[in-house]
Amino acid sequence: MTHLMDSSAFFAYFFNEPGRVRVEEILRNTTHSPGLSILTATEFWACLKRQGNSAAFEQEWQEHRPLFDEVVPVDWAVTHQGILLREAVRTRLPAMDALIAATAVVRDAVLVHRDPHFLEIPPSLMRQEYLG
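From a predicted model like this one, the values you see are computed outputs, not experimental measurements.

A. Looking closely at the environment of Ala-77. Assignment of secondary structure puts Ala-77 in helix 5 (residues 76-88). Judged by relative accessible area, which is 36%, Ala-77 ranks as partly exposed. In the structure, Ala-77 is positioned 52 residues away from Glu-129 in sequence and 22 Å away in space, judged by C-alpha atoms.

B. Quick peek at the pairing of strand 4 (residues 110-113). Judged by which residues are buried, strand 4 turns out to be covered on both faces: Val-110 and Val-112 on one side and Leu-111 and His-113 on the other are all buried. As defined by bridge partners, strand 1 (residues 3-5) adjoins strand 4 across three bridges and the pair is classed as parallel. Its bridge partner lying in strand 4, His-3 is registered against Val-110. When strand 4 meets strand 5 (residues 128-130), the two strands line up parallel, connected through three bridges. Bridge pairing links Val-112 to Glu-129 in strand 5.

C. Layout of the pairing of strand 2 (residues 34-37). Here strand 2 shows two buried faces, one formed by Pro-34 and Leu-36 and the other by Gly-35 and Ser-37. The sheet contact formed by strand 1 and strand 2 spans three bridges and is parallel. Residue His-3 lies in a different strand from strand 2, and its bridge partner there is Pro-34. Strand direction decides the pairing type here: strand 2 and strand 3 (residues 70-72), joined by three bridges, are parallel. Residue pairing in the sheet places Leu-36 in a bridge with Val-71 of strand 3.

D. Representation of the sheet that holds strand 5 in the model. What the five strands build is an open sheet, ordered 3-2-1-4-5; its pairing is parallel. The outermost strands of the open sheet, each flanked by one partner alone, are strand 3 and strand 5. The sheet shows a mean angle of 30 degrees between the axes of neighbouring strands, direction not considered. Contacting strand 1, strand 2 and strand 4, helix 1 (residues 7-14) crosses the sheet at an angle of about 50 degrees to strand 4. Packed on one face of the sheet, helix 2 (residues 20-28) meets strand 1, strand 2, strand 4 and strand 5 and runs near 135 degrees to strand 1.

Definitions and cut-offs
Residues numbered from 1 in each chain as written. Predicted model: local features only at pLDDT ≥ 70, side-chain atom pairs only at ≥ 80, totals over all residues. Heavy atoms only, no water. Helix = DSSP H or I, 4+ residues; strand = E, 2+ residues; numbered from the N terminus. Buried < 20%, exposed > 50% of the residue type's maximum accessible area, 1.4 Å probe, protein only. Pairing = 2+ DSSP bridges. Axes fitted to C-alpha atoms, helices over the stretch in contact; angles between N-to-C directions. Contact = heavy atoms within 4.5 Å.

Written out as structure tokens, the structure reads:
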């Protein structure tokens, strides 16, 4: 896996929001191997629920899942790295986002995102691409 899409990058693609073009480029580039954290599924369901459309989750997830080479589970290595990332920033880094970022670190992938709070993570700890 070369790139891990944060939920915000997946949402940019799914909802045709700013950053979608870059996400599409990564998905189409055959030298890239894009992935997702399994936690994105939970955040996707929650987003659809807020829109009153949680019933569409299963179908939409199954339809879009094949765009990604891998969906990575959370294990001890990811959990431990998430703690280290949260300790490394001065501002608040939500736990779910810390775990997604940690997944990128553990898998040595570039985190692709639209969340400014990830920019607080020192470059020496994580490679990232901000879609801002």
